[in-house]
Amino acid sequence: MTDDAARRVFQVVDSFDPDEFVRLLAEDATLVFGNAAPMAGREAVAAGLREFYATIGGLRHRIVRSWQVGADVIAETEVTYRRLDGGESAVVAVSIWRTRDDGLITDYRIFVDLAPLYGA
């Protein structure tokens, strides 16, 4: 997976469309967001993203740097979240995902502190 492919993943994430995002995933993929319980399977991931997206007005990622080690991609990003009140919060995040030979993601993990997004 190249930097272009990492950009493509974040472009899909930033589209704010859970159904589009899960097309990047294998049927039995898992996604773990921070310290939340893992979501397993496309339907669970789409439902989890819909729940999260209902709490924000939008988001956009800027890739700071990314690495590929075998089937694993690691991306450090700056994520700007649009709050429901119209304000914005920018946080640093690291996403790690594993792809299989056909390019579908089997495991996706997001490490981020969202306290600034939901804080007073």
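Heads up: the structure comes first, above all this text.
Residues numbered from 1 in each chain as written. Predicted model: local features only at pLDDT ≥ 70, side-chain atom pairs only at ≥ 80, totals over all residues. Heavy atoms only, no water.

1. A word on the nonpolar core
If you look at the biggest cluster of nonpolar residues, it comprises 33 residues, and the most contacted ones within it are F21, L31, F33, V45, Y81, W97 and Y108. Those elements that provide at least two residues to this core are α1 (3-14), α2 (18-22), β1 (25-33), α3 (42-53), β4 (72-82), β5 (88-99) and β6 (105-112). For F33, the contacting residues outside a window of four places in its chain are F52, Y81, I110, V112 and L114. (Core = buried A, V, L, I, M, F, W, Y, C linked by side-chain atoms within 4.5 Å. Buried < 20%, exposed > 50% of the residue type's maximum accessible area, 1.4 Å probe, protein only. Helix = DSSP H or I, 4+ residues; strand = E, 2+ residues; numbered from the N terminus. Contact = heavy atoms within 4.5 Å.)

2. Some words on the sheet that holds strand β3 (residues 58-69)
The strand order across the open sheet formed by six strands is β2-β1-β6-β5-β4-β3, and the pairing between neighbours is mixed. Because the sheet does not close on itself, it has two edges, and the strands there are β2 (39-40) and β3. Taken together, the 11 bridges between β4 and β5 define a ladder with antiparallel strand orientation. Along β5, the bridge assignment pairs R82 with E88. Here α1 sits on the sheet and contacts β3, β4, β5 and β6; the angle it forms with β3, its principal contact strand, is near 155°. The sheet strands contacting α3 are β1, β2, β3 and β4, and the helix crosses β1 at an angle near 40°. (Pairing = 2+ DSSP bridges. Axes fitted to C-alpha atoms, helices over the stretch in contact; angles between N-to-C directions.)

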